[in-house]
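# Structure assessment
Here is how the chains run, residue by residue.
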Amino acid sequence: MNDPRNPGRRRFRAPLLLCCLAALLAGGLPAWGAPKGEAPRHARLFSLDRKEGLTVLHNRLPWGGATEELAWVLTPDPSAPVPPALAGLPRLRCPARRIVALTIPAVSALSLLGCSDRIVGVGGKRFLYDPGKELAGVTEVGPEGGMGPDADLERIVALKPDVVLAYVYTPQERATAERLASLGVPVVFLSEYLEATPLGMAEWLVAVGALVGREAQARAFYDRTVLDYGAIRARALGAQGRPKALAGAPFQGSWYVAGRDSWLARLVGDAGGDYLWKDLPGRGSVPVEAETVFSRASKADVWVQCGLWRSLEEIRRSDPRLAQLAPFRGGRVFNNDARSRPGGGNDYYESGVWRPDRILGDLAAVLHPERFPGHRFTYYRRLPGGKP
C-alpha cells in the first residue's frame, strides 16, 4: 500500500498517508535481529513475551529512525507488584476498557475485534470512512488526529484512559507523548505502518488484541487472512504472463515512485504482475521526473492507485499526455478509492490495513481478470470513461 502521491503527514488523511510512510521508509529499517519472545509470523517490529504470568509487549521501532525499543507490561492490576526484571517498564491495565485512539488503524482494529464501545476518545474523527454509531458520541481529542499540536491533552487526561494508542513522526509529537506519560496517561505507539510487508503490517492486529484481552480472536482472524492471501497469490501466479503495472500519479511535476521492496511492489508481484519500477531499490519512494515516468509507462498494461482522480476525464484534463498511455486508452485504470467519502476517509487505509488478502484479491482481478471471473471488488474500482 505504498502510494506517496500527495504530501502530508497525518495517518488520518487517507490520500496523504503514504507520503509520510515513504519518507520514513526511504532510509530503510535498522538491521535488527530476530524478534524476541513470541515471534510473530510476518511482523518484525513487535513481540509478546510471557514472564511469570504477565505479558510484555515490545515495540522494536516505535518511530522511524528510533534506535531503542519500547516495552509495556500488560497486567490486570497496574498497581500490583511485578518481577524485579520488569519493574522499570510502564504498566498497562489489560484488558484495556477505556481507550483513546489517535490513529485510524487503531480505530478499525478495535472495531474488528468488537471493542469499539471501549473507545472514549478519538482524534481525526472526520477522516474515518465508517465511524459507526459506537463513535457518534465519543469525545474528539484532536481534529487532525495524532499527537500533533491540535491534540487536547487536558481532555485526554480527563477521560482517564487505560491506554492511548498513537503514532509519532516528529520530535514535537514525541514530546507530546512524553508529556502525557508524565501526567500518568499510558501511551502505546503502534508501528504497523513501518513493517516491510502487508502481512507484517496486518499482524499488528494481534498486538492490539493483546491490549484488549482478545489476542486469541485476533490471532484466529490473522491466521485466516494469511491463508486467504496465500490462496489468492497461488492462483494469480498460476496465470499466463505478467502484466506490467504502473502506479501513482504526478504531483508538482514529479511522480513519487515506490521501490521494489515497498508494499505496493510486493502486492503487485504477489498478484501476478510485473511492477514497472522493480529495478528501484528500497522500500521507500523517490521523486522521479514526469517525463521519465511517461517513457517507462508506455510499456504498462494497467495503471493502479492514481491519486485523487475520480475519472478518466479528470486525468485527461490534468495532463493530456496521460491520455496517450496504453492503460488509459484501454480503460484499465483502477483507483483504490472504491470505499471513500468526499472530504473524509478511505477504507483502503482503514479496514484494508488488516485485510491485505482483500487488497491482493482486487489487484489479482485487475491484473488477471480471466483467473478471477466475477470478482467483487472491495477497495479498487475502474475509473469511468473508458472501455467496460
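The structure under discussion appears in the preceding block.
Anyway, here's the lowdown on the structure attached to this text. (Residues numbered from 1 in each chain as written. Predicted model: local features only at pLDDT ≥ 70, side-chain atom pairs only at ≥ 80, totals over all residues. Heavy atoms only, no water.)

### Looking at the overall build of the chain
This is how the line gets drawn: Counting from the N terminus, the helices are the DSSP runs of H or I reaching at least four residues and the strands are the DSSP runs of E reaching at least two. Between two residues, a contact is recorded if the distance between any of their heavy atoms is within 4.5 Å. Accessibility throughout is a Shrake-Rupley quantity obtained with a 1.4 Å probe, and a residue counts as covered only by protein chains that appear here.
Within the chain, the regular secondary structure consists of 12 helices and 17 strands. In the chain, the proportion of contacts linking residues at least 24 apart, taken out of those at least 6 apart, comes to 64%. Per element, the accessible surface of the chain, about 15,600 Å² overall, is 51% carbon and sulfur.

### Points about the nonpolar core
Note the following rule: Put simply, buried Ala, Val, Leu, Ile, Met, Phe, Trp, Tyr and Cys residues joined by side-chain atoms within 4.5 Å make one nonpolar core. For every residue, the accessible area obtained with a 1.4 Å probe (protein chains only) is divided by the maximum for its type, and the residue is called buried under 20%, exposed over 50%, and partly exposed between those limits.
In this structure, Leu 165, Val 188, Leu 246, Trp 255, Trp 303 and Ile 315 are the most contacted members of the largest nonpolar core, which totals 118 residues. Beyond its immediate chain neighbours, meaning those up to four positions away, Ile 315 contacts Trp 303, Trp 309, Leu 322, Phe 328, Val 333 and Leu 383. Leu 54, Val 73, Val 82 and Leu 86 belong to the second-largest nonpolar core, a separate cluster that totals six residues.

### Quick look at the packing of helix H6 (residues 204-211) against helix H7 (residues 215-237)
Relative orientation and spacing of two packed helices are given, respectively, by the angle between their axes and the distance between those axes. Short version of the rule: Axis definition: a line fitted to C-alpha atoms, over the contacting stretch in the case of helices. Angles run 0 to 180 degrees between N-to-C directions. By the definition adopted for this analysis, an angle is roughly parallel if under 35 degrees, roughly antiparallel if over 145, roughly perpendicular if from 65 to 115, and oblique otherwise. Crossing handedness follows the turn of the near helix against the far one: under a right angle anticlockwise gives a left-handed crossing, and clockwise gives a right-handed one. Here the term charged refers only to Asp, Glu, Lys and Arg, the term nonpolar to Ala, Val, Leu, Ile, Met, Phe, Trp, Tyr, Cys and Pro, and the term polar to all other amino acids, Gly among them.
Direction vectors running N to C along H6 and H7 enclose 165 degrees, while the axes themselves pass 7 Å from each other. In terms of orientation, H6 lies roughly antiparallel with respect to H7. Pair H6 / H7 crosses with right-handed handedness. Where H6 approaches H7, its residues Leu 205, Val 206, Gly 209 and Ala 210 are matched on the opposing element by Glu 215, Ala 218, Arg 219, Phe 221 and Tyr 222. Split into classes, the residues belonging to the contact of H6 with H7 amount to six nonpolar, one polar and two charged.

### Description of the packing of aromatic side chains
Using the following cut-off: Working definition: rings of Phe, Tyr and Trp (its six-membered ring) pair if their centres are within 6.5 Å, and the pair is stacked with planes under 30 degrees apart, edge-to-face with planes over 60 apart, and tilted otherwise.
Applying the stated criterion to the full structure yields 10 aromatic pairs. When the ring of Trp 63 is compared with that of Phe 189, the centres are 5.8 Å apart and the planes differ by 80 degrees; the resulting orientation is edge-to-face. Of the two residues, Trp 63 sits in the loop between strand S2 (54-59) and strand S3 (70-75) while Phe 189 sits in strand S9 (residues 187-189), which places them 126 residues apart along the sequence. Each of the two residues, Trp 63 as well as Phe 189, counts as buried. Here the aromatic rings of Trp 255 and Trp 303 are separated by 6.0 Å at their centres, their planes lie at 35 degrees, and the arrangement is tilted.

### Details of the sheet that holds S2
Let me state the cut-off plainly: Paired strands are those between which DSSP finds at least two bridges.
Spatially, S1-S2-S3-S4 is the arrangement adopted by the four strands of the open sheet, whose pairing is mixed. Edge strands, defined here as strands with exactly one partner in the open sheet, are strand S1 (46-51) and strand S4 (91-93). Sheet twist, expressed as the average angle between the axes of neighbouring strands with direction ignored, equals 30 degrees. The strands touched by H6 within the sheet are S1, S2, S3 and S4, with S1 carrying the most contacts at an inclination of about 40 degrees.

### Looking at the environment of Leu 383
Residue placement: Leu 383 occurs in the segment after strand S17 (381-382). Relative accessible area serves as the criterion here: at 2%, Leu 383 is assigned to the buried category. Between the C-alpha atom of Leu 383 and that of Arg 332, which follows or precedes it by 51 residues, the distance is 8.0 Å. For Leu 383, the residues in contact, after removing those within four places along its chain, are Cys 306, Trp 309, Arg 310, Ser 311, Leu 312, Ile 315, Val 333, Phe 334 and Asn 335.

### Quick word on helix H8 (residues 263-270)
The element H8 is extensively covered by neighbouring structure, given that six of its eight residues are classed as buried. One or two positions beyond H8, positive phi appears at Gly 272, with a value near 85 degrees.

### Some remarks on helix H2 (residues 104-112)
We apply this condition: Within 3.5 Å is the distance limit for a polar contact, defined as a pair of N or O atoms, with the added protein rule that one can donate a hydrogen and the other accept it, and that residues adjacent in sequence qualify only through two side-chain atoms.
Within H2, seven of the nine residues are buried, which leaves it mostly tucked inside the rest of the structure. One side-chain oxygen of the residue at the start of H2 lies 2.9 Å from the amide nitrogen of Ala 106, identifying that residue as Thr 103. Of the residues one or two after H2, Gly 114 is the one with positive phi, at around 75 degrees.

### Points about the pairing of strand S6 (residues 119-123)
The condition is simple: A right-handed crossover is one whose linking path, passing over the helix from the first strand to the second, runs clockwise when the strands point away from the viewer.
Of all five residues in S6, five are buried; the element is thus mostly enclosed. Pairing geometry for strand S5 (residues 99-101) and S6, over three bridges, is parallel. Opposite Ala 101, over in S6, you have Val 122 as the bridge partner. In this fold, the crossover linking S5 to S6 by way of H2 has right-handed handedness. When S6 meets strand S7 (residues 139-142), the two strands line up parallel, connected through three bridges. Paired with Gly 123 across the two strands is Gly 142, which belongs to S7.

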